[in-house]
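# An overview of the molecular structure
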Amino acid sequence: MSNTFQLSFEQDPNFNYSPESIEDLSEYEKYELSFHPERPKYLDYLSIFENVNSCFETDKFGNCLIQTHRAELFGIPVMLVGQQSGPSSNYKNMRKAMMDPAQIQKWNHGMPVPISYERAVKAIYLAEEENRILLIFIDTPGADPTERSEANGIAWRIGDAIHALADVRVPTISIIINRACSGGAIALTGTDVTLALEHSTYLVITPEACSSILFHTRFRANEAAEISQITSREGFNHGIVDELIPELGGLAHIDPEQTKISVQSTLKKYVSRFSNFTGDNVINNRIDRWGKIGQWDMIDSIELETFHLPVSRIPKPESTGYINRHKNCYNENGIHQYDPVLFSNLKQSNFICDVCGHRYVRPSAWDYIDWMVDSGSFFEHEETKFIADKDILGFPGYIEKLKETRIKTGLLTAMITGDGTICGKKIVLCTTDFGFLGGSFCMSTGEKVWRAAQIAINKNVPMIIQACGGGARMHEGCSSMVSIPKAQLAMSRVEQAGLAVVTLITDPTLGGVAIGIGSRGQRLFEFNAGHIGFSGKRVIEQYTGEKTSPGFQTVNWLKEFGHAEEIVHPKNLKEKIFSMI
Ligand SMILES: [Zn+2]
């Protein structure tokens, strides 16, 4: 059995670990390098601290995937939270562990489960209680994509971690040590500072999954990685990483001791700077930082007028009151159904086919405005209506897609924000349109929520958000994902001003939408909605090789597991929200 592990490029005689040699690697090779099995993991870094003591340790499944320790750094009290992606960074020990099925199960390929994030949240609040600076080590291929984790509320537990980091009144620092992928990572990087080892990666979607979507094959992962700009160095260039920590001695796995010293001296600088920050300083500094996160364009009113108009997607019945049945409707006996459907019945079921469960329509952002506020009371915010999506990566086809979608939907971006009234009471409303690139969460959405929250605070009115979307927008790379904590911080600010925040969760609310705006405020679940959770059904079925249960990720299924307390039919929305604010 070999004692060390070498990636294929390390076996190339021309590769010599010099900076030039590393720079010449392909984007995909840099990705592989970021999770080289011998790179130091969280527990290896404990040696740079003093007085280290584990807390919240149990033997429950998932507890070891995020670990928490009280410690000191040069005498300053800190709380450590770390994603431990495997049993060891010693290759020989790791190989041995991975021959034991119990160990394989225990380490779950480094993918945290709901209970892992619960441990992190406990540590975040304990840090506040004991006035410790939070240092969070990030190292994960993503959160666990299984039905069990969905049933245990993984989306909401990740959302709780982002929420805790937005609210906690002690300084927070995240350190990306290896691979920081997807919602599993963003759960813990909504911090006051994000540091990254120079050869780590920070990404919203794996290159393989990105390749599948873009090129309909997993084999063009290198191109997908290049397009998405997944290295932490590129993240630094986009302003989502504050500082790169040099891997002294070549690479972290070649000289782990030098890398640990490098991490220690960088942390010392930030911890010393933050050590005299008190509650209000911390929060003001956090608001300052997150207000600057993200990039967008502004267009003028002449350009906006060329496509901007309220579009409804609710079908119109014929004079008989019927509409055509959707295509491919089969009953439980497999018999094809052709008969037309009474529109009033369809409306009653919130546009779900009562034979097969197919959704006829996903209402537009303007349909929700129509349902949620008093007729004629809505006025779009001047502060947000000119914000346009920006193509920061030069992502293939993104600009064309945006142009097409603007014309098709009458919208400039996926979200509209404005002032309105509900039963006469003034509110700020944000609605999302699934028709605009699947409602995907992006930098413009983060900024719009941010500005709408400020307006709600200035006007002293509640904030209502309708969440919809399949996840974070791939076309903006990791920057779309980094706008998720920004939106959560904005919602925290409204709540801290003593104002109600109500979130309506509609079909679909998945991934970045669920862990961000979908997990906050007083939550209402739309009657008969589906596709609500963290990982999509197809991703889970591909990963586990098993079919998900009937009704998976529908509101009724969520209710069964205690995740959907308040369910509301669109026709009762106004009265329901009014009663909550
Ligand atoms: Zn049907």
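Now for a look at the structure at hand.

Procedures and definitions
- The residue numbering used here restarts from 1 in each chain and proceeds along that chain's sequence as written.
- Only residues with pLDDT of at least 70 are given local features in this predicted model, and only at 80 or more are side-chain atom pairs given and counted; all residues enter the totals for whole chains, interfaces and linings.
- Here the side-chain values reflect all heavy atoms present in the structure, with hydrogen atoms and water set aside.
- Each helix is a run of H or I in the DSSP string that is no shorter than four residues. Each strand is a run of E no shorter than two, and both are numbered from the N terminus.
- We take the radius of gyration over the C-alpha atoms and set the globule estimate at 2.2 Å times the residue count to the 0.38 power.
- Each residue is placed in one exposure class: buried if its accessible area under a 1.4 Å probe, protein chains only, is under 20% of its type's maximum, exposed if it is over 50%, and partly exposed if it falls in between.
- In what follows, residue pairs with any heavy atoms lying within 4.5 Å of each other are defined as contacts.
- Stacked, tilted and edge-to-face are the three classes assigned to paired rings of Phe, Tyr and Trp, where Trp is represented by its six-membered ring and a pair needs centres within 6.5 Å; plane angles under 30 degrees give stacked, over 60 edge-to-face, the rest tilted.
- Cation placement over rings: the criterion is NZ of Lys or CZ of Arg within 6 Å of the ring centroid and within 35° of the ring normal.
- A 2.8 Å cut-off from the metal defines N, O and S donors, relaxed to 3.2 Å for Na, K and Ca; water is not in the atom list, so some sites may appear incomplete.
- Labels for metal geometry use angle windows, namely 85 to 135 degrees for all angles of a four-donor tetrahedral site, and for square planar (four donors) or octahedral (six donors) sites opposite donors over 155 degrees apart plus all others within 65 to 115; sites meeting none of these are irregular.
- Salt bridges are counted wherever a side-chain nitrogen of Lys or Arg sits within 4 Å of a carboxyl oxygen of Asp or Glu.
- The pocket and cavity definitions rest on a 1 Å grid over protein atoms only: a 1.4 Å probe that fits but cannot leave marks a cavity, an open set with protein on both sides within 12 Å along at least five of seven lines marks a pocket, and residues lining either have an atom within 4 Å of a point.
- Grid points are joined across faces, edges and corners, and a volume is the space filled by probe spheres set on the points.
- Only Asp, Glu, Lys and Arg are considered charged in this grouping, and only Ala, Val, Leu, Ile, Met, Phe, Trp, Tyr, Cys and Pro are considered nonpolar; every other residue, Gly among them, is considered polar.
- Strands qualify as paired when DSSP identifies two bridges or more between them.
- Remark: nonpolar core denotes a set of buried residues (Ala, Val, Leu, Ile, Met, Phe, Trp, Tyr, Cys) joined through side-chain atoms within 4.5 Å.
- Between N or O atoms, a polar contact is any pair within 3.5 Å; within protein, one atom must be a potential hydrogen donor and the other a potential acceptor, and residues adjacent in sequence are included only when both atoms are from side chains.
- Angular values range over 0 to 180 degrees, each being the angle between N-to-C directions of two axes fitted as lines to C-alpha atoms, with helices fitted over their stretch in contact.
- Orientation labels follow simple angle bins: below 35 degrees gives roughly parallel, above 145 gives roughly antiparallel, 65 to 115 gives roughly perpendicular, and whatever is left gives oblique.
- Should the near helix be turned anticlockwise from the far one by less than a right angle, the crossing is termed left-handed; should it be turned clockwise, right-handed.

Attention now goes to the overall build of the chain. Helix and strand counts for the chain stand at 23 helices and 22 strands. A compact globule built from 581 residues should have a C-alpha radius of gyration of about 25 Å, and the chain, at 24 Å, falls within 12% of that. When the backbone C-alpha atoms are referred to their principal axes, the chain occupies close to 75 × 55 × 50 Å. Counting over 581 residues, the chain shows a buried share of 59%. Contacts in the chain between residues far apart in sequence, at least 24 positions, make up 75% of those at least 6 positions apart.

A separate point is the packing of aromatic side chains. A full pass over the atoms with the stated rule returns 15 aromatic pairs. On the numbers, 5.5 Å between centres and 55° between planes, the contact of Tyr28 with Tyr31 is tilted. Pair noted here: Tyr28 and Tyr31 are both in helix H2 (residues 27–34), with a separation of three residues, about one helical turn. Through a chain of ring-to-ring contacts, three or more aromatic side chains come together here, namely Tyr42, Tyr45, Phe49 and Phe137. Over the face of the ring belonging to Phe35 we find Arg179, whose NZ or CZ atom lies 3.6 Å from the ring centre. Across the ring face of Phe215, the terminal group of Arg220 is positioned such that the distance to the ring centre comes to 3.8 Å.

In this section: the coordination of the zinc ion. Only His326 (NE2), Cys329 (SG), Cys353 (SG) and Cys356 (SG) from the protein reach the zinc ion as donors, at distances of 2.1 to 2.3 Å. The site at the zinc ion holds four donor atoms, and with the angles between them running 98 to 118°, its shape is tetrahedral. His326 sits in the buried class, given a relative accessible area of 11%.

Applying the stated rule across the entire model yields 25 salt bridges. Across the pair Asp280 and Arg169 runs a salt bridge whose closest N-O atoms are separated by 2.8 Å. With a gap of 111 residues between them, Asp280 in helix H13 (residues 279–291) and Arg169 in the loop between helix H7 (154–167) and strand S5 (172–181) connect regions that are remote in the sequence. By relative accessible area, which is 40% here, Arg169 ends up partly exposed. A salt bridge links Glu198 to Arg233, with the shortest nitrogen-to-oxygen separation between them at 3.1 Å.

This paragraph deals with empty space enclosed by the protein. One pass over the structure, following the stated rule, counts five cavities of 30 Å³ or more. As a volume, the largest cavity reaches approximately 50 Å³. Every residue along the wall of the largest cavity is listed here: Tyr202, Ser228, Gln229, Thr231, Gly235, His238, Ile240, Leu393, Glu476, Gly477, Cys478 and Ser479. Classifying every residue of the lining of the largest cavity by side-chain character gives four nonpolar, seven polar and one charged.

When you tally the buried positions in strand S20 (residues 522–526), you get four out of five residues, the bulk of the element. Direction of pairing for strand S19 (residues 501–510) relative to S20: parallel, over a ladder of four bridges. Residue pairing for S20: Ile505 is matched across the bridge by Phe525. Bridge analysis of S20 against strand S22 (residues 567–568) gives two bridges, and the strand direction is parallel. Residue pairing for S22: Phe525 is matched across the bridge by Ile567.

What follows concerns unusual backbone geometry. At the junction of Asp507 and Pro508, the peptide bond is cis and its omega measures out at 0° in the coordinates. Inspection of the secondary structure puts Pro508 in strand S19. Non-glycine residue Asn350 carries a positive phi angle of around 55°. Located in the positive-phi region is Asn528, a residue other than glycine, with phi close to 65°. Classification of Asn528 by relative accessible area gives partly exposed; the value is 27%.

Grouped together as the largest cluster of nonpolar side chains are 129 residues, with contacts concentrated most on Leu134, Ile158, Leu188, Tyr202, Val449, Met463 and Ile517. Formed by 24 residues, the second largest nonpolar core is a distinct cluster that contains Ala71, Leu135, Phe137 and Leu197.

Tracing the chain through its elements places Gln84 in the loop between strand S3 (76–83) and helix H3 (91–97). Within polar-contact distance, the side chain of Gln84 engages the backbone nitrogen of Leu43 at 2.9 Å. What Gln84 contacts, discounting residues up to four positions off in sequence, is Lys41, Tyr42, Leu43, Cys64, Leu65, Gln67 and Trp107.

With that out of the way, let us pick up the pairing of strand S16 (residues 415–422). Regular strands place side chains that alternate from one sheet face to the opposite one. Counting buried residues in S16 gives eight out of eight residues, a clear majority hidden from the surface. Burial along S16 is two-sided: Met415, Thr417, Asp419 and Thr421 and Ile416, Gly418, Gly420 and Ile422, pointing in opposite directions, are all buried. Judged from the two bridges that link them, strand S14 (residues 379–380) and S16 form a sheet pairing that is antiparallel. Its bridge partner lying in S16, Phe379 is registered against Asp419. In this structure, S16 lies alongside strand S17 (residues 425–432), joined through eight bridges in antiparallel fashion. Bridging across to S17, Gly418 finds its partner in Leu429.

Let's shift gears to the packing of H13 against helix H19 (residues 478–496). Axis separation between H13 and H19 bottoms out at 10 Å; the angle between their running directions is 135°. Comparing their axes, H19 and H13 come out oblique. As H13 runs across H19, the sense of the crossing is left-handed. Residues Arg286, Ile287, Trp290 and Gly291 of H13 form the contact with H19, whose own contacting residues are Val482, Pro485, Lys486, Leu489 and Arg493. Here the contact of H13 with H19 is composed, by residue class, of five nonpolar, one polar and three charged.

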